[in-house]
Amino acid sequence: MHVIELSFDGNPDRLAARPAHREYLAALHAEGVVVASGPFPDDSGALLIFDVDRARVDQIIAEDAYYRAPGVTVVSVREWSPIFGRALDK
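Described below are features of the structure shown in this document. Because the structure is predicted, anything quoted here is derived from the model rather than measured. (Residues numbered from 1 in each chain as written. Predicted model: local features only at pLDDT ≥ 70, side-chain atom pairs only at ≥ 80, totals over all residues. Heavy atoms only, no water.)

An order of β2-β3-β1-β4 is seen for the 4 strands of this open sheet, with the pairing classed as antiparallel. At either end of the open sheet lies a strand with only one pairing partner, and these are β2 (34-39) and β4 (72-79). Taking the axes of each pair of neighbouring strands and ignoring which way they run, one obtains an average angle of 10 degrees across the sheet. Here 6 bridges tie strand β1 (residues 2-8) to strand β3 (residues 45-50), and the two strands are oriented antiparallel to one another. Of the residues in β3, the one forming a bridge with His2 is Phe50. (Pairing = 2+ DSSP bridges. Helix = DSSP H or I, 4+ residues; strand = E, 2+ residues; numbered from the N terminus. Axes fitted to C-alpha atoms, helices over the stretch in contact; angles between N-to-C directions.)

Shown next, in the form of structure tokens:
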């Protein structure tokens, strides 16, 4: 699994890219690629969890303009090895 952490700087221009981003994530979720995603309650950023290898994560980032939208910064892309969780109960 891989985790992407995003930060938002308050630039409202990112909101124009958000609907397409969410549609793309919904399709990836239906395929089992996205485990979970969503913004932090204070809207300072978001966390996305993907059940794919790094090459696929890089492809997803490249295909989705939201990651390059004004006000959006990819803080980190990290491999994650969960031990417990519903995502593991397959």
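Residue position: Arg14 is located in helix α1 (residues 14-30). Aside from chain neighbours lying at most four places away, what touches Arg14 is Phe8, Asp43, Tyr66, Ala69, Pro70, Gly71 and Val72. (Contact = heavy atoms within 4.5 Å.)

Further remarks concern unusual backbone geometry. One non-glycine residue, Asp43, lies in the positive phi region at around 60 degrees. Owing to a relative accessible area of 37%, Asp43 belongs among the partly exposed residues under this scheme. (Buried < 20%, exposed > 50% of the residue type's maximum accessible area, 1.4 Å probe, protein only.)

Turning next to the nonpolar core. Ile4, Leu6, Phe50 and Tyr67 are the most contacted members of the largest nonpolar core, which totals 20 residues. Of all the elements in the fold, those that place two or more residues in this core are β1, α1, β3, α2 (54-63) and β4. Among residues more than four places away in sequence, those in contact with Leu6 are Phe40, Ser44, Gly45, Ala46, Leu48, Tyr66, Tyr67, Val72, Thr73, Val74 and Val75. (Core = buried A, V, L, I, M, F, W, Y, C linked by side-chain atoms within 4.5 Å.)

Its volume calculated, the largest pocket comes out at about 190 Å³. Breaking the lining of the largest pocket down by element, the ones donating at least two residues are β1, α1, β2 and β3. Looking at the lining of the largest pocket, the element that brings in the most residues is α1, giving 5 residues. Considered class by class, the residues forming the lining of the largest pocket number 7 nonpolar, 3 polar and 4 charged. (1 Å grid on protein atoms, 1.4 Å probe; cavity = no way out; pocket = protein on both sides within 12 Å on 5 of 7 lines; lining within 4 Å. Points joined across faces, edges and corners; volume = space filled by probe spheres on them. Nonpolar A, V, L, I, M, F, W, Y, C, P; charged D, E, K, R; others polar.)

In short, the description is geometric, and any link to function would need to be established separately.
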